[in-house]
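Examination of the molecular architecture
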Amino acid sequence: MTMVTRRVDLRSDTVTKPTETMRAAMVNAEVDDDVLGFDPTAASLEKKMAKIMGKEAALFVPSGTMANLICVLVHCQIRGSEVILGDYSHIHIYENGGISTLGGVHPRTVKNNEDGTMDIDRIEESIRDPSFEICYPTTRLICLENSHAHSGGRCLSAEYTDKVGELAKKYGLKLHIDGARIFNASVALGVSVHRLVQAADSVTACLSKGLGAPAGTVIAGSKDFINKAKILRKTLGGGMRQIGVLCAAAIVAVEENVEKLEGDHKKAKILAVFHSLSAGINNIKGLKVDLDSVETNIVFFDILKESGTNGDELMKKLEAHGVLAMPEGPCKIRLALHHQISEHDVQYTISCIQKIVTGLPDKNGVN
Amino acid sequence: MRAAMANAEVDDDVLGFDPTAACLEKKMAKIMGKEAALYVPSGTMANLICVLIHCQIRGSEVILGDYSHIHIYENGGISTLGGVHPRTVKNNEDGTMDIDRIEESIRDPSFEICYPTTRLICLENSHAHSGGRCLSAEYTDKVGELAKKYGLKLHIDGARIFNASVALGVPVHRLVQAADSVTACLSKGLGAPAGTIIAGSKDFIYKAKILRKTLGGGMRQIGVLCAAAIVAVEENVEKLVRDHKKAKALAAGINNIKGLKVGLDSVETNIVFFDVLKESGTTGDELMKKLEVHGVLAMPEGPCKIRLVLHHQISEHDVQYTISCIQKIVTGLPDKNGVH
């Protein structure tokens, strides 16, 4: 195993480690039993986040998975419910099917477009006609994801979100937004978070991703919704005691790191495209980045046949150089930027990829 | 603990593994005498995971105490979320269930056309509802043998297993030897901010990790909390003996107050229940309110029963103060003419 002195972890923005101010905040956090009563630091975070998200109340939960699970299950608390969501939404692909296996909720997927949206017409078509209830489940909820991870961190506009919200209202449905990276979308679009999620009955926002807190996600919604969410959180096993320790770090994350997201987006674009100092990934022969799709902190690139390599090989060689990435199928790789990746790391990554791809052996096996 | 949290080495425990979490899990697996362990956010999630894994086949039934924590205080999650059916057996005053009654409750497979399939027996040690009472290693082993005889698994809700271990003078791994899975809370008497450990076979823990993620318990740089938990395990187990002493002192003091009654034999660990009798002239509710005015907070357990829980951040002086307050409130109650 080669010793690498440098490590550039681009697997995800969840790898962010707590900063010095976060660690200090954790040491000094005022805490109490958040189950028997309430933890004051958790309450402070929840109040702050509710305001940012423009909702009545908020709740800290251990993970984005639990946040989405709670929201879907609370909106769909009546047995026989169906939820409409993207065929490549995080809830549908990466959350163990929990809404069904644990919650008994039936999913109805609609094709995610390249830009992360679903066609409004297609959503409308998927809403169950109640007159067939003898054999149909009952549609109760529509879920959006902003930014949409699988399409490369693409942003849904406030206008699009509002349109989906109107559709939901027309049919008496609720709207949930998986806002794991809502702050990235907000910064990229130049639209405040509360405006972006105005149409939603519930929203989630991860603290542990680009914002850099050690763990946790916040759910926001009406007071009534959050009351129910709190009970379901306990039922799922997310009722934690002196949680102020983690919430203190989360408060720092929200206060200090939102402004750094813009820097992450710039780094993503540098990684993807041509830069004055050196060429980006798209400039490397045999690799392709859909430049329009790089809106926030995520970069997907395809490994074409002409590169002479595949995803697996490239990932292994990158690892030997200390660069970690996330595979996305046999010929696709994902890179996620965050505030603990420097511009220098970005240049290093581009150089490594370039070296690996262009330095590949010719027909005679010569490197 | 705060210092440990600030200095904790952390990493993404979902994408890879957090080194401090791994360290805690290794340590706990050893203490509990199992192959592997897993840190989860709460005791509720720990029990939920264990029941659901042992009962992963639809149509399962679990035998547990009618006053077990899983059955009474966990939102019925094993059923509402996991589709597992509970079959309760009466909890005796000492926290056990009669072995005969457990055996009677095991479903006869020949009636499977209308019976669910029993897959699991759950014990709770120490048993909270009976006052923190301890199940002996011998009793636990007997239940384990019964489980084996019928091809069932045995799970121990060991939220307060360290209290039981200290009270009985039996190491944790011996106490839970017969169990396929065990839980142990770090956030209770051991004093960590949050979390519980599950321990079991490597295979079991592997499945537990996935279910933990599904439930939403997959947390990222969790070493922050695990660092505190490591301190808890290293420093606070020995303090439990004193919690038990304080409990006995509190119990004796309260039992001496006319109108109040404590089952002194039932005070084995850190929990004290006392009955508020008619002759006291007050009720549980009233007594709790008046105690609160004196700064003493307690937990109601029905209209005429109160629970007090000792821990390392309660001093002996606090115990004496509590006894005095209760005494003052109960003996200082108005006579027929309403005079204090």
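All of the points below concern the structure found in this document. Note that the structure is a prediction, hence the values are computed from the model and not measured.

Cut-offs and rules
- Residues numbered from 1 in each chain as written.
- Chains lettered and ligands numbered in written order.
- Predicted model: local features only at pLDDT ≥ 70, side-chain atom pairs only at ≥ 80, totals over all residues.
- Heavy atoms only, no water.
- Helix = DSSP H or I, 4+ residues; strand = E, 2+ residues; numbered from the N terminus.
- Phe/Tyr/Trp six-rings, centres within 6.5 Å; stacked < 30°, edge-to-face > 60°.
- Buried < 20%, exposed > 50% of the residue type's maximum accessible area, 1.4 Å probe, protein only.
- Lys NZ or Arg CZ within 6 Å of the ring centre and 35° of its normal.
- Salt bridge = Lys/Arg side-chain N within 4 Å of Asp/Glu carboxyl O.
- Contact = heavy atoms within 4.5 Å.
- Buried area = accessible area lost by both parts, 1.4 Å probe.
- Axes fitted to C-alpha atoms, helices over the stretch in contact; angles between N-to-C directions.
- Parallel < 35°, antiparallel > 145°, perpendicular 65-115°, else oblique.
- Left-handed = near helix turned anticlockwise from the far one by under 90°.
- Pairing = 2+ DSSP bridges.

1. Brief notes about unusual backbone geometry
Of the consecutive residues Asn146 of chain A and Ser147 of chain A, the connecting peptide bond is found in the cis state with omega at 5°. The step from Asn125 of chain B to Ser126 of chain B runs through a cis peptide bond, and the omega angle for that step is 5°. Position of Ser126 of chain B relative to the elements: it lies in the loop between β4 (117–124) and α7 (137–149). Positive phi values are uncommon outside glycine, yet Asn96 of chain A reaches one of about 60°. Although it is not a glycine, Asn75 of chain B sits at a positive phi angle of roughly 60°.

2. Points about the packing of aromatic side chains
By the definition in use, this model includes two aromatic pairs over all chains. When the centroid spacing of 5.4 Å and the interplanar angle of 40° are considered together, the rings of Phe132 of chain A and Tyr136 of chain A count as tilted. According to the relative accessible area criterion, Tyr136 of chain A is partly exposed, its value standing at 31%. One residue, Arg6 of chain A, lies across the ring of Tyr348 of chain A, its end atom 4.4 Å from the ring centre. Stacked on the ring of Tyr115 of chain B, the Lys or Arg Arg107 of chain B has its end atom at 4.7 Å from the ring centre.

3. Brief notes about the pattern of salt bridges
Throughout the structure, instances matching the rule amount to 28 salt bridges over all chains. The partner of Asp9 of chain A in a salt bridge is Arg7 of chain A, with the nearest N and O atoms 3.3 Å apart. Its relative accessible area of 7% is what places Asp9 of chain A among the buried residues. We classify Arg7 of chain A as partly exposed; its relative accessible area is 48%. We note a salt bridge from Lys27 of chain B to Glu234 of chain B, for which the minimum N-O separation is 3.0 Å. Here Lys27 of chain B, found in helix α2 (residues 19–32), pairs with Glu234 of chain B, found in helix α11 (residues 223–235); they are 207 residues apart in sequence, far enough to count as distant.

4. A few points about the interface of chain A and chain B
The partner chain B presents 38 residues to the 43 residues of chain A that form the contact. Across the chain A/chain B interface, buried area totals approximately 3300 Å², and carbon plus sulfur atoms make up 58% of it. Where chain A packs against chain B, one counts one salt bridge. Ionic pairing is found between Arg7 of chain A and Asp11 of chain B, a salt bridge with its closest N-O pair at 3.5 Å.

5. Describing the side chain of Ser165 of chain B
All names here are of chain B. Assignment of secondary structure puts Ser165 in helix α8 (residues 161–168). For Ser165, a relative accessible area of 11% gives the class buried. When residues no more than four places from it in sequence are discounted, the contact partners of Ser165 are Val170, Pro171, Val172 and Leu175.

6. Some words on the packing of helix α13 (residues 311–320) of chain A against helix α14 (residues 343–358) of chain A
All names here are of chain A. Their axes nearest at 10 Å, the elements α13 and α14 cross at an angle of 130°. Taken together, the axis directions place α13 and α14 in an arrangement best described as oblique. In the crossing of α13 with α14, the sense of the turn from one axis to the other is right-handed. Seen from α13, the contacting residues are Leu314, Lys317 and Leu318; seen from α14, they are Cys352, Ile353, Ile356 and Val357.

7. Here we look at the environment of Leu264 of chain B
Residue and element names in this part refer to chain B. Turning to its location among the elements, Leu264 is positioned in the loop between β8 (260–261) and β9 (271–276). By relative accessible area, which is 43% here, Leu264 ends up partly exposed. Note: C-alpha distance between Leu264 and Ala251 (13 residues apart in sequence) is 6.6 Å. Leaving out residues up to four positions away in the same chain, Leu264 has contacts with Ala251, Ala252 and Asn255.

8. Some thoughts on the sheet that holds strand β7 (residues 202–206) of chain A
All names here are of chain A. Read across the open sheet, the seven strands follow the order β2-β8-β7-β6-β5-β3-β4; overall the sheet is mixed. Where the open sheet ends on each side, the last strands, each with one partner, are β2 (57–61) and β4 (106–110). Ignoring which end each strand starts from, the neighbouring axes of this sheet average 20° apart. Where strand β6 (residues 174–179) lies against β7, four bridges are found, and the strand directions are parallel. Within β7, the residue paired with Gly179 across the bridge is Ala205. In the packing of helix α2 (residues 40–53) onto the sheet, the strands contacted are β2, β7 and β8 (217–221), and the crossing angle to β2 comes to about 125°. Docked against the sheet, helix α10 (residues 223–236) engages β2, β7 and β8, running at close to 20° with respect to β2.

Purely geometric numbers; function is a separate question.
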